[in-house]
Amino acid sequence: MKTTDMPPADTTEERPPVMKATSAPGPREKATEGRTLNIFSHGMLVLWAFMVVLPLLWAVMTSFKTDKEIFSSPWALPDSLHFDNWSRAWTEANMSDYFLNTIIVVGFSLLGTMLLGSMAAYVLARFEFPGNRFIYFLFIGGMSFPIILALVPLFYVMQNLSLLNTLPGLILVYIGYSLPFTVFFMTAFFRTLPTSVAEAAFVDGASHTRTFFQVMLPMAKPGLISITIFNFLGQWNQYMLPTVLNTEPDNKVLTQGLVQLAVSQGYKGDWSGLFAGLVMAMLPVLAAYIIFQRQVVQGLTAGALK
């Protein structure tokens, strides 16, 4: 039987293509990239600080000028410091009354918000019960609900409860307005705290109330300070709620007083007094943030670091 010659088998194996290794960036290139990024980030921070600080400095500078200097040389320094602008705004423009009303409303609403919010957040974070998640998401839903949609029904509710145009009614509204964000923030913070400390307190015979106020609440101090500052800023600058629910002239808060002062200016107004009142309204907010800025940063990063 005749056989055909078979071609010799190719014994050479196919080799994968050789990839050229890319050299990793050296220390000098890394240093150059880091320096470029550092310069860019610092430049953006300087630009942002300039955009924020410049209007504040201009408002403070203008509050010490006369009306003539404000219109003739708005960017120049005042020839002399006119402190009578501040005294005139404090007495004649009733800024003292607006300040007192604002301190009363914000002070009591902050106290109620932090007390009720921290207690609700502690229960939602530490105890499992039917409806726990539903209540938690109900608070989150309150954060996403636009407050402008609730103004009309809220007006009639306050009217039926005889709380319209009163400071206690405005305090209750501020508490309800700030509770969703407070509960959301504090619930996440309480979950980061160790449970062993609370369990040790229960073993020693402490009640739930004593454990909360004497053990868990002091441990949550960074979070409490942070959320207190945020609530203070939001409630101090609140304008929509008091405009709708607090139209009594004697009970007006600071934001209403500033708007009334600006509207009453007309074409021949006391602009120097207006800027003095504006700076008065800004000073407590700036002071609170400058004093507690370190605690605010610690509270915001505590949950991520634990």
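Undergrad: What is the right way to read the overall build of the chain from this model?
TA: Helix and strand counts for the chain stand at 13 helices and zero strands. Secondary structure of the chain in N-to-C order comes out as α-α-α-α-α-α-α-α-α-α-α-α-α. Burial analysis of the chain (306 residues in total) assigns 34% to the buried set. Within the chain, contacts between residues separated by at least 24 positions form 73% of all contacts whose residues are at least 6 apart in sequence. Carbon and sulfur atoms form 69% of the exposed surface of the chain, whose accessible area is close to 19900 Å².

Undergrad: Could you clarify how one ought to interpret the confidence of the model for the chain in this entry?
TA: Any segment with low pLDDT has predicted coordinates that should not be analysed in fine detail. Mean pLDDT over the chain: 82, with 83% of residues reaching 70 or higher. At the low end of the mean pLDDT range in the chain sits helix α13 (residues 271–305), at 76; at the high end sits helix α4 (residues 95–126), at 93. Throughout residues 1–6 the model reports pLDDT below 50, and contacts reaching past four residues in sequence, or to other chains, amount to zero contacts.

Undergrad: Would you explain the layout of surface pockets in this entry?
TA: Over the atoms rolls a probe the size of a water molecule, and in doing so it shows where empty space is left. Roughly 440 Å³ of volume is contained in the largest pocket. Taken together, 18 residues form the lining of the largest pocket, with Ile-147, Gly-176, Tyr-177, Ser-178 and Pro-180 sitting closest to its centre. The leading source of residues in the lining of the largest pocket is helix α7 (residues 167–192), at six residues. For the lining of the largest pocket, the residue count by class is twelve nonpolar, six polar and no charged.

Undergrad: So what exactly am I meant to see when it comes to unusual backbone geometry here?
TA: Backbone geometry follows two general trends: most residues other than glycine have a negative phi, and most peptide bonds adopt the trans configuration. Positive phi outside glycine occurs at Ser-162, with the angle close to 60 degrees. One can find Ser-162 in the loop between α6 (151–160) and α7. Using a relative accessible area of 60% as the deciding quantity, one classes Ser-162 as exposed.

Undergrad: Would you mind showing me how to read the packing of aromatic side chains here?
TA: Two numbers describe a pair of aromatic rings. These are the distance of the centres and the angle of the planes. Considering all chains together, one arrives at 17 aromatic pairs under this definition. For the pair Phe-71 and Trp-271, a centre-to-centre distance of 6.4 Å together with 80 degrees between the ring planes defines the contact as edge-to-face. Pair noted here: Phe-71 is in helix α2 (residues 67–72) and Trp-271 is in helix α13, with a separation of 200 residues, a long-range link. The class of Trp-271 is partly exposed, set by a relative accessible area of 26%. Pairing Phe-212 with Phe-213 gives two aromatic rings, centres 4.9 Å apart and planes at 75 degrees, and the pair type is edge-to-face.

Cut-offs used in this document
- Residues numbered from 1 in each chain as written.
- Predicted model: local features only at pLDDT ≥ 70, side-chain atom pairs only at ≥ 80, totals over all residues.
- Heavy atoms only, no water.
- Helix = DSSP H or I, 4+ residues; strand = E, 2+ residues; numbered from the N terminus.
- Buried < 20%, exposed > 50% of the residue type's maximum accessible area, 1.4 Å probe, protein only.
- Contact = heavy atoms within 4.5 Å.
- Areas by Shrake-Rupley, 256 points an atom, 1.4 Å probe, with all protein chains shown as cover.
- pLDDT = per-residue confidence, 0-100.
- 1 Å grid on protein atoms, 1.4 Å probe; cavity = no way out; pocket = protein on both sides within 12 Å on 5 of 7 lines; lining within 4 Å.
- Points joined across faces, edges and corners; volume = space filled by probe spheres on them.
- Nonpolar A, V, L, I, M, F, W, Y, C, P; charged D, E, K, R; others polar.
- Phe/Tyr/Trp six-rings, centres within 6.5 Å; stacked < 30°, edge-to-face > 60°.

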